Amino acid sequence: MSSGTSKITIERNQRTLLELVMQPGNDICADCKSRNPRWASHNLGIFICVNCASIHRKLGTHITKVKSITLDAWTKEQVEVGIFVSADTRN
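Residues numbered from 1 in each chain as written. Predicted model: local features only at pLDDT ≥ 70, side-chain atom pairs only at ≥ 80, totals over all residues. Heavy atoms only, no water.

Engineer: Lay out the nonpolar core in plain terms, naming residues and giving numbers.
Structural biologist: Grouped together as the largest cluster of nonpolar side chains are 9 residues: Cys 29, Ala 30, Trp 39, Ile 46, Ile 48, Cys 49, Cys 52, Ala 53 and Val 66. Contributing elements (two or more residues each) for this core: strand 2 (46–48) and helix 2 (50–59). Excluding anything up to four places from it in sequence, Cys 29 contacts Ser 34, Pro 37, Phe 47, Ile 48, Cys 49 and Cys 52. Grouped together as the second largest cluster of nonpolar side chains are 8 residues, Ala 40, Ile 69, Trp 74 and Val 79 included. (Core = buried A, V, L, I, M, F, W, Y, C linked by side-chain atoms within 4.5 Å. Buried < 20%, exposed > 50% of the residue type's maximum accessible area, 1.4 Å probe, protein only. Helix = DSSP H or I, 4+ residues; strand = E, 2+ residues; numbered from the N terminus. Contact = heavy atoms within 4.5 Å.)

Here it is as structure tokens:
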């Protein structure tokens, strides 16, 4: 948990992410089209599967910043930056 971010805020941000990933288009990996992605690149604004998340991590944080939707703490800014447009629109 990052300093200055309350547990309530982190939980609210996680709920927002879980709602966003359930929207049509966001329920598939933006890269490989597999179902139920549980990772996201918050600077690109896309949801991705665990396999594609590992590829994104290898690319480096100067290109893509990857976090787990459920395992990592998200700040309000990270949730808002990508706005997470549907995968249909991004691809």
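Engineer: Could you give an account of helix 2, with specific residues and numbers?
Structural biologist: Because an α-helix completes one turn every 3.6 residues, residues spaced three or four positions apart along the sequence face the same direction. Of the positions making up helix 2, those classed as buried are Cys 52, Ala 53 and His 56. End-on view of helix 2: buried residues confined to an arc of 105°, all on one side of the axis. The outward face of helix 2, more than 90 degrees from its buried face, is lined by the exposed residues Val 50, Asn 51 and Lys 58. Contacts made by the buried residues of helix 2 are with strand 1 (39–41), strand 2 and strand 3 (66–68). The first or second residue beyond helix 2 is Gly 60, which carries a positive phi of 105°. (Arc of directions from axis to C-beta.)

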